Amino acid sequence: MRIRTAVFPVAGLGTRFLPATKTVPKEMLPVVDRPLIQYAVDEAIEAGCDTLVFVTNRYKHAVADYFDKAYELEQKLEKSGKSELLGLIRDVLPAHVRAVFVTQAEALGLGHAVLCARPVVGDAPFAVLLPDDLIWSRGRGALGQMVDLAGRSGASVVAVQDVPPEQTSSYGIVAAEAFAEGAGRIRAIVEKPRPEQAPSTLAVVGRYVLSARIFDHLASIRAGSGGEVQLTDAIAALLASEPVLAYRFAGRRFDCGSRIGLVEATIRYALDHEDLADEARAYMRAALSE
Ligand code: UTP
């Protein structure tokens, strides 16, 4: 099984980052020097994807502009011999990768956003990445690990991590069979259960490898939690006919849909940057003692 298509649902309203997200889409918020969307795109390309489907809304021109060619800027940098900077903006999307933009006319939920990508994805299994879940890892990226597992097992794969019991109502939560080598077959999945109703504390985070059968379920389910069409509900329906694995990926996830997550990610990635780490560390020490 080769996963060639990655879907990026980026049509949400990003209300937790208002007022910034009044004009800047959440996915364009930077961690150090790159927007969140770039980290997710790089992860998908590393996993072997070469068709990237961005599900956007009519206010998110910035996402399409970012992946477009910047003629004037490229010419200027070329003329002034700034080849390193030129490389940086050209590497936003390698030549073998194509970007497709699809509009979600109304923010009817994550499940609905994924369904909007159906005409591009077709019948093959595909990946979904939520760019506001930024996953830092030293080795193979989280999606690459999941694609490998999907290839070995032939099953759909959903990324999970353990969360504190009081946070279950912010996530899709799974009940899974015993884990072996990081993965366990999902028996049940529920969207945002209250702690006393949660089947476990294993939370779904924003990486999925899905069989195209998910589209049939997305097309037929009704709006669920929060009045939105939930991807979780379609996965619950998929479980009845196909195996879906929960996978505890190697890596650290930052919830960059929340302010503290973005702050933590900025610190983590700054400490990883060769030319920033020393200054960042020194500043953090100083700030803590102020
Ligand atoms: P969130 O639940 O984080 O919602 O969506 P949001 O609107 O982006 O942000 P807040 O909560 O208002 O701050 C999870 C993912 O699903 C996408 C979002 O863009 C994000 O990547 N999404 C959500 C859509 O593409 N369309 C929707 O209708 C809803």
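What you see is a predicted model, and the numbers here were worked out from it, not measured in a lab. (Residues numbered from 1 in each chain as written. Predicted model: local features only at pLDDT ≥ 70, side-chain atom pairs only at ≥ 80, totals over all residues. Heavy atoms only, no water.)

J.: If you had to explain unusual backbone geometry to someone new, which residues and values would you point to?
T.: With an omega of 5°, the peptide bond between Leu18 and Pro19 qualifies as cis. The residue Val32 is not glycine, and still its phi comes out positive at about 60°. Mapped onto the elements, Val32 comes out in the loop between β2 (30-31) and β3 (34-35). Take Val32: its relative accessible area is 29%, and that puts it in the partly exposed class. A positive phi angle, close to 45°, is found at Lys192, a residue other than glycine. Inspection of the secondary structure puts Lys192 in the loop between β10 (183-191) and β11 (202-210). (Helix = DSSP H or I, 4+ residues; strand = E, 2+ residues; numbered from the N terminus. Buried < 20%, exposed > 50% of the residue type's maximum accessible area, 1.4 Å probe, protein only.)

J.: Lay out the environment of Tyr66 in plain terms, naming residues and giving numbers.
T.: For Tyr66, the location among the structural elements is in helix α2 (residues 61-67). Spatially, the C-alpha atom of Tyr66 lies 9.3 Å from that of Ile89, the residues being 23 residues apart in sequence. Those residues within four positions of Tyr66 in sequence are excluded, and the remaining contacts are Met28, Pro35, Ile37, Gln38 and Val92. (Contact = heavy atoms within 4.5 Å.)

J.: Any details on the packing of helix α10 (residues 259-272) against helix α11 (residues 277-288)? Residues and values, ideally.
T.: Their axes nearest at 7 Å, the elements α10 and α11 cross at an angle of 135°. With respect to α11, the axis of α10 lies oblique. Considering the relative orientation of α10 and α11, their crossing is left-handed. Facing Ile267, Ala270 and Leu271 of α10, the residues of α11 in contact are Ala277, Ala280, Arg281 and Met284. Considered class by class, the residues forming the contact of α10 with α11 number 6 nonpolar, no polar and 1 charged. (Axes fitted to C-alpha atoms, helices over the stretch in contact; angles between N-to-C directions. Parallel < 35°, antiparallel > 145°, perpendicular 65-115°, else oblique. Left-handed = near helix turned anticlockwise from the far one by under 90°. Nonpolar A, V, L, I, M, F, W, Y, C, P; charged D, E, K, R; others polar.)

J.: Give a detailed account of the packing of helix α3 (residues 71-79) against helix α4 (residues 83-90), specifying residues and quantitative values.
T.: Between α3 and α4, the least distance of the axes is 8 Å, while the angle of their chain directions is 155°. Regarding the angle of α3 to α4, the classification is roughly antiparallel. Where α3 crosses over α4, the two elements pack in a sense that is left-handed. In this structure, α3 contributes Leu73, Glu74, Leu77 and Glu78 to the contact, and α4 contributes Leu85, Leu86, Ile89 and Arg90. A per-class count over the contact of α3 with α4 returns 5 nonpolar, no polar and 3 charged.

J.: Quick rundown of the side chain of Gln38? Include the residues and the values.
T.: Structurally, the position occupied by Gln38 is in helix α1 (residues 36-46). Since its relative accessible area comes to 3%, Gln38 is described here as buried. A distance of 3.1 Å separates a polar atom in the side chain of Gln38 from the backbone oxygen of Val92. Gln38 has contacts with Tyr66, Asp91 and Val92, leaving out every residue within four places of it along the chain. (Polar contact = N/O pair within 3.5 Å; in protein donor to acceptor, adjacent residues only side chain to side chain.)

J.: Describe the site of the ligand, with residues and values.
T.: What surrounds the ligand is a group of 17 residues, the closest being Leu13, Thr15, Lys26, Gln104 and Gly109. In this structure, an oxygen atom belonging to the ligand sits 2.9 Å away from a main-chain N or O atom of Ala11. Thr15 places a polar side-chain atom, nitrogen or oxygen, 2.5 Å from an oxygen atom of the ligand. When the ligand sits alone it has 570 Å² of accessible area, and the protein chains cover 83% of it. (Near = heavy atom within 4 Å. Areas by Shrake-Rupley, 256 points an atom, 1.4 Å probe, with all protein chains shown as cover.)

J.: Account for the environment of Ala155, naming residues and giving values.
T.: Looking at the element boundaries, Ala155 is found in the loop between α7 (142-153) and β8 (156-162). What makes Ala155 buried here is its relative accessible area of 4%. Spatially, the C-alpha atoms of Ala155 and Val209 are 8.5 Å apart, while their sequence positions differ by 54 residues.

J.: I'd love a proper account of the side chain of Glu43, names of residues and values included.
T.: As for its placement among the helices and strands, Glu43 is situated in helix α1. Accessibility expressed as a relative area gives 7% for Glu43, which makes it buried. If near-sequence neighbours (up to four positions away) are discounted, Glu43 is found in contact with Leu129, Ile135, Gly141, Ala142, Leu143 and Arg207.

J.: Lay out the nonpolar core with the relevant residues and their values.
T.: Within the largest apolar cluster, 37 residues are counted, with the highest numbers of intra-cluster contacts made by Phe8, Val41, Leu52 and Leu143. When residues in this core are grouped by element, the largest group, 6 residues, is from α7. In this structure Leu143 touches Glu43, Ala44, Ala47, Cys49, Ala127, Leu129, Tyr208 and Val209, once residues within four positions along its chain are discounted. Counting residues in hydrophobic clusters, the runner-up holds 34 residues, among them Val114, Val128, Ala176 and Leu231. (Core = buried A, V, L, I, M, F, W, Y, C linked by side-chain atoms within 4.5 Å.)

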